[in-house]
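Chains, contacts and geometry: an overview
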Amino acid sequence: MLKHKFIQPLFFILALAFWLIPHNSLAFPLAYVFLLLCYLLISVYGSYFIQANYFTDQIHHGDRSNKKIALTFDDGPQAGFTSQVLDILREKKVPALFFLIGQNIKGNEVDLQRMNAEGHIVGNHSYSHNYWFSLKRTDNMLADIKLCDAEIERVIGRRPKLFRPPYGVTNPMVSGAVKRGNYTGIGWSLRSYDTSAKDGDLLLNKILANIKNGDVILLHEWGKHTIAILPDLIDKSRKLGFEFVRADELLGVEAYY
Ligand SMILES: [Zn+2]
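Residues numbered from 1 in each chain as written. Predicted model: local features only at pLDDT ≥ 70, side-chain atom pairs only at ≥ 80, totals over all residues.

Here's the deal with the overall build of the protein
Helix and strand content of the protein: 9 helices and 8 strands. If you line up the protein on its principal axes, its C-alpha atoms span 75 × 40 × 35 Å. Residue burial in the protein is summarised as follows: out of 257 residues, 39% are buried. Excluding contacts between residues fewer than 6 apart, the proportion of contacts in the protein whose partners are at least 24 apart in sequence is 78%. (Helix = DSSP H or I, 4+ residues; strand = E, 2+ residues; numbered from the N terminus. Buried ≥ 20, exposed ≤ 12 C-beta atoms within 10 Å, placed from the backbone. Contact = placed C-beta atoms within 7 Å.)

Section: unusual backbone geometry
In this structure, proline 77 follows glycine 76 across a cis peptide bond, with omega equal to -10 degrees. The topology assignment puts proline 77 in the loop between β1 (68-76) and α3 (82-92). Here the phi dihedral of lysine 93 falls at roughly 55 degrees; this positive angle occurs in a residue that is not glycine. C-beta crowding within 10 Å serves as the criterion here: with 10 such atoms nearby, lysine 93 is assigned to the exposed category.

Examining the packing of α3 against helix α8 (residues 226-239)
Put simply, α3 and α8 touch, their axes get as near as 10 Å, and they point 15 degrees apart. The pairing of α3 with α8 is recorded here as roughly parallel in orientation. The way α3 lies across α8 gives a crossing that is right-handed. Between α3 and α8, the residues in contact are Gln84, Val85, Ile88 and Lys92 and Ile227, Leu230, Pro231 and Ile234, respectively. Of the residues belonging to the contact of α3 with α8, the class tally is 6 nonpolar, 1 polar and 1 charged. (Axes fitted to C-alpha atoms, helices over the stretch in contact; angles between N-to-C directions. Parallel < 35°, antiparallel > 145°, perpendicular 65-115°, else oblique. Left-handed = near helix turned anticlockwise from the far one by under 90°. Nonpolar A, V, L, I, M, F, W, Y, C, P; charged D, E, K, R; others polar.)

Digging into the domain arrangement of the protein
Split into domains, the protein comes out as domain 1 (4-48) and domain 2 (68-251). Its C-alpha centre places domain 1 at a distance of 38 Å from the equivalent point of domain 2. (Domains from an automatic or database assignment.)

Quick notes on α3
For α3, the full list of buried residues reads Thr82, Val85, Leu86 and Leu89. Projected onto a plane normal to the axis of α3, the buried residues spread over an arc of 100 degrees and lie on a single side. Where α3 is buried, its residues touch β1, β2 (96-100), α4 (109-117) and α8. Immediately beyond the C-terminal end of α3, within one or two residues, lies lysine 93, with a positive phi of roughly 55 degrees. (Arc of directions from axis to C-beta.)

A short note on the environment of glutamine 78
The topology assignment puts glutamine 78 in the loop between β1 and α3. Looking at glutamine 78, the number of C-beta atoms within 10 Å reads 19, which means it is partly exposed. In the structure, glutamine 78 is positioned 22 residues away from leucine 100 in sequence and 9.3 Å away in space, judged by C-alpha atoms. Apart from residues no more than four positions distant in its own chain, glutamine 78 is found in contact with Asn104, Glu221 and Trp222.

Remarks on the pairing of strand β7 (residues 216-220)
For a regular strand, side-chain orientation follows a simple rule: the groups alternate between the two sheet faces. Burial runs high along β7: 5 of the 5 residues are buried. The two faces of β7 match: Val216, Leu218 and His220 on one face and Ile217 and Leu219 on the other face are all buried. Relative to β7, β1 runs parallel, the two being bridged by 5 bridges. Along β7, the bridge assignment pairs phenylalanine 73 with leucine 219. As paired strands, strand β6 (residues 190-191) and β7 are joined by 2 bridges and run parallel to one another. Among the inter-strand pairings, leucine 190 is bridged to a residue of β7, identified as isoleucine 217. Between β6 and its parallel partner β7, the chain crosses via helix α7 (residues 200-210), and the hand of that crossover is right-handed. (Pairing = 2+ DSSP bridges. Right-handed = clockwise from strand over helix to strand, strands pointing away.)

Regarding the nonpolar core
Core analysis: the largest hydrophobic core is formed by 54 residues, its most contacted members being Ala70, Leu71, Phe98, Leu100 and Ile217. Not counting the four nearest positions on each side in its chain, leucine 71 is found in contact with Val94, Ala96, Ile217, Leu219 and Phe244. (Core = buried A, V, L, I, M, F, W, Y, C linked by C-beta atoms within 7 Å.)

Written out as structure tokens, the structure reads:
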């Protein structure tokens, strides 16, 4: 598997080796342009495809040999949305993992208290969830993540161990922050794209058609059709033989310190 820690020295060695190409030949500059392009392409791929584990070692799915799956919801708590998701999960008796945005917690403490009381777990999804989060220096990034920890701890008295980076973007700074903060990075294996879905039925059928054993499913409370399809998603997945378990059980990780 491609890993930044191996690719970096490999490209460095290639850059040194290319120095042997006669400097007056066209191949000399072209070789470096080619090398730079390859490096950039691999870096972009590694940043945006969290499953690649290029920069970080995230966990994306559980055991593929049995039909257990887990629901995860990002970006909450969201006023008016999270409570509806919690109602459905309570009715269907499905435990979930919520990756919370720290700045969303103030004013929505009740949702977080419900998550904790109703058997769900919560993880850290940064405080700001800023679009430029991934460009922060590791120090600043870690400070932002810790602020989210503090908000969660303020409400439920527990410090989360699980972290999912905003937008699923990873890079050396994210990797550094996860390591220094001693978090367990959690990705996903089935991205629903529920925030951009135009049609609820299509969204539901696409998820159902793609569910595999051990999947961690990524959803968002605020997705336009997410709440509408959630009861059917649960019922129809169960009809297909899948069992919903909490992500910490599926992945064999600890949710809190
Ligand atoms: Zn998010």
